[in-house]
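What follows is each chain in one-letter form.
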Amino acid sequence: MAIERTLSIIKPDATKKGVIGKIIARFEEEGLRIAAVRKTHLSLREAQGFYAVHSARGFFGELTEFMSSGPCVVIVLEGENAVLKNRDIMGATNPANAAPNTLRKLYADNVGENAVHGSDSLENAKNEIAYFFRETELH
């Protein structure tokens, strides 16, 4: 099994609910290690840069406004098959379709405010991690 790194973001809705610790604990309980973590408040420009891949999609404006609406926590997770494991822990994008006990089923309100973000591939994970962290910050 390959040790991978992936990016997770605890979004503004989840930070507002005060569930940062519960979400981080869940990652660790599931065998993922925290390689880097930082609480930040994205500017609209930073959110637009991060989600630029979705700029042509209808939800882009709503997404970037939401992501810049309050603090979030950016985390580099490390472990065996970290990308897939994190996506399994998060659950389906729409919390109504998420499996029981997944983060989105537990903490998300709707498809737009769905508590957490996770990289969807190793290639995207590398790019997303680099957006928020220098290599020297990963431990």
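Here, the structure is the one placed above.
The notes below deal with the structure included here. Keep in mind that this is a model prediction, so the values were computed, not measured.

**Brief notes about the packing of aromatic side chains**
On inspection of all chains with the given rule, the structure shows four aromatic pairs. Relative to Tyr 51, the ring of Phe 50 lies with its centre 4.8 Å away and its plane at 90°, an arrangement referred to as edge-to-face. Note on Phe 50 and Phe 132: the rings are 5.1 Å apart at their centroids and 50° apart in plane angle, and the pair reads as tilted. Here Phe 50, found in helix α3 (residues 44-50), pairs with Phe 132, found in helix α7 (residues 122-132); they are 82 residues apart in sequence, far enough to count as distant. The exposure class assigned to Phe 50 is buried, which follows from its relative accessible area of 9%. Among the residues examined, Phe 132 registers a relative accessible area of 10% and is labelled buried. Three or more aromatic residues joined by ring pairs form one cluster here, namely Phe 50, Tyr 51, Tyr 131 and Phe 132. Between the NZ or CZ atom of Arg 38 and the centre of the ring of Phe 133, over which it lies, the distance is 4.5 Å.

About the cut-offs
Residues numbered from 1 in each chain as written. Predicted model: local features only at pLDDT ≥ 70, side-chain atom pairs only at ≥ 80, totals over all residues. Heavy atoms only, no water. Phe/Tyr/Trp six-rings, centres within 6.5 Å; stacked < 30°, edge-to-face > 60°. Helix = DSSP H or I, 4+ residues; strand = E, 2+ residues; numbered from the N terminus. Buried < 20%, exposed > 50% of the residue type's maximum accessible area, 1.4 Å probe, protein only. Lys NZ or Arg CZ within 6 Å of the ring centre and 35° of its normal.

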